[in-house]
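If you want the building blocks of each chain, they are given just below.
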Amino acid sequence: MDPALVEQKHGSSSFQKFPLTVARGSGATVWDEEGREYLDFMAGYGVAIVGHSNPSVVRAISAQAAQLITCHGSFYNRARSEFIETLVSVSPKGLDRVVLTNSGTESVEAAIKLARRRSGRQKIISMKGGFHGKTFGALSATWNPKYREPFSPLVPGFEFVEFGDAQALEAVIGPDVAAVIAEPVQGESGVVVPPEDYLKAVREACDRAGSLLILDEIQTGLGRTGKMWASEHWGVVPDIMTVSKGLGGGVPIGAVVALGDVVSSLQKGEHTSTFAGNPLACAAGTATLEFIRDNGLPEAAERGGTVLAAGLKAITESHRLVRETRGLGMMRALQLRVEIPRVLERAISEGLILAYSGRDTLRLLPPLVASEEQLRRGLSVIEKVVAEEELARTG
Ligand SMILES: *Cc1c(COP(=O)(O)O)cnc(C)c1O
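Residues numbered from 1 in each chain as written. Predicted model: local features only at pLDDT ≥ 70, side-chain atom pairs only at ≥ 80, totals over all residues. Heavy atoms only, no water.

The environment of the ligand is made up of Ser 103, Gly 104, Thr 105, Phe 131, His 132, Gly 133, Glu 183, Asp 216, Ile 218, Gln 219 and Lys 245. At a separation of 2.7 Å, a nitrogen atom of the ligand approaches a polar side-chain atom of Asp 216. Burial of the ligand by the protein amounts to 80% of the accessible area it has alone, namely 380 Å². Looking at the shell around the ligand residue by residue, the classes come out as two nonpolar, six polar and three charged. (Near = heavy atom within 4 Å. Polar contact = N/O pair within 3.5 Å; in protein donor to acceptor, adjacent residues only side chain to side chain. Areas by Shrake-Rupley, 256 points an atom, 1.4 Å probe, with all protein chains shown as cover. Nonpolar A, V, L, I, M, F, W, Y, C, P; charged D, E, K, R; others polar.)

Turning our attention to the domain arrangement of the protein chain. Domain assignment breaks the protein chain into domain 1 (3–54 + 296–394) and domain 2 (55–294). Computed from C-alpha atoms alone, the centre-to-centre distance between domain 1 and domain 2 is 26 Å. Of the residues lining the interface, 27 residues belong to domain 1; the matching set on domain 2 comes to 33 residues. Both sides of the domain 1 and domain 2 interface together cover about 2400 Å² of buried area, and 64% of this is carbon and sulfur. It is Asn 54, Leu 328 and Met 331 in domain 1 that bury the most area against domain 2; as a group they hold 31% of the surface buried on that side. Across the domain 1-domain 2 interface, the total number found is one salt bridge. A salt bridge links Arg 363 to Glu 188; the shortest N-O distance between them is 3.7 Å. Counting across the domain 1 and domain 2 interface gives 13 residue pairs in polar contact (both at pLDDT 80 or more). Among the elements of the structure, α2 (43–46), α12 (297–318), β11 (322–328), β12 (331–336) and β15 (361–364) are those that each provide at least two residues to the side of domain 1 that touches domain 2. (Domains from an automatic or database assignment. Contact = heavy atoms within 4.5 Å. Buried area = accessible area lost by both parts, 1.4 Å probe. Salt bridge = Lys/Arg side-chain N within 4 Å of Asp/Glu carboxyl O. Helix = DSSP H or I, 4+ residues; strand = E, 2+ residues; numbered from the N terminus.)

Here we come to the sheet that holds strand β9 (residues 240–243). Spatially, seven strands are ordered β4-β10-β9-β8-β7-β5-β6 in an open sheet, and the strand pairing comes out mixed. Strands with a single pairing partner mark the edges of an open sheet, and in this sheet they are β4 (95–101) and β6 (158–161). Each strand of the sheet is rotated relative to its neighbour by a mean of 20°, with strand direction disregarded. Two strands pair when backbone bridges link them, and β9 and strand β10 (residues 254–259) are joined in this way by four bridges, in the antiparallel orientation. Looking across to β10, one finds that Val 243 is bridged to Ala 255. Packed on one face of the sheet, helix α5 (residues 104–119) meets β4, β5 (123–127), β6, β7 (177–182), β8 (212–216), β9 and β10 and runs near 165° to β9. (Pairing = 2+ DSSP bridges. Axes fitted to C-alpha atoms, helices over the stretch in contact; angles between N-to-C directions.)

The peptide bond linking Ser 152 to Pro 153 adopts the cis configuration, its omega dihedral lying at 5°. Even without being a glycine, Ala 43 presents a positive backbone phi close to 50°. With respect to the secondary-structure elements, Ala 43 resides in helix α2. When its relative accessible area of 1% is taken as the criterion, Ala 43 is described as buried. The residue Val 191 is not glycine, and still its phi comes out positive at about 60°. Mapped onto the elements of the fold, Val 191 is located in the loop between β7 and α9 (198–209). (Buried < 20%, exposed > 50% of the residue type's maximum accessible area, 1.4 Å probe, protein only.)

In structure tokens:
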């Protein structure tokens, strides 16, 4: 039976579906069941950061699968210890202790629990426009009312301030605040880059109030923005950092990397999970981190970002339909003046998969291994579908 029909009948109705069945992938390319080729600039919202079915990841998973697939966290395991060591080695200085999870939202859950446990305080300040996941704790730190309202009451103790406005934070932070949580660059909200001095000011406000700073690098981390961690653009080191998305090269895994005294505030049994530290996921994670480091993917993202920025700027300047373009490295947005579903579907039929943010913003999160030729090809499809949409609207 057709996968689309089965998923429509028996699958979750919550995913916004595109009319495409993906069968196979390699690098920045995926193929449908008929063998038709697509450039994947959505990459599962940035998950395929080292490319689809990256050969180093495939080798690591295959070898680990033959040796040991599961090992509870009650026991030590070399695949896990190697992953923890590698993750600490690429993390900001001072963040030398890791809590392993299975996804982004679980990493945020762990980060919130760590912050409350370590500080002995309850209040968490989050950002308007922020996105941290859809389980209850993470959802309570997420701004969009569309995700929140049907599920109230959420976890108490969360408060929101304007992202990018240091004074707004100053006005509410105080000795009752356990932590401030923010994405260095907001992803889900449409790639919102904060003002130049903002993150430094947030860091200083946290230090004055004795609050912990949680930076959610789930989308911005692992080289995406042109540095290993987006916080490096502003010379800021958080107390707690969340990582996931591309961390396992496509295999589900997440992590919290934090200061030693933050993680060691957890007492036995207070935060564990059956699959956390799974050897298969950890082997994928080590292979992914080594690939990112050994192939200079942050630098590749900076170079690729220059190509994307120039192309998107040219499209913005030559089409009235485009409101603006924003971004950092290979995390880019093109905001139109109209709703975009038709543009996204036209792009797919032209062989390009894009992500979106809200109703009017195209989001580009290509694998960092995409070649310059692939980036230019993607840009020319975007130019084409934007021009067609413009023509369709002006007649
Ligand atoms: C995707 C994302 C999450 C949630 O990750 P899931 O794996 O979907 O639960 C949290 N924070 C940010 C910044 C994200 O981009």
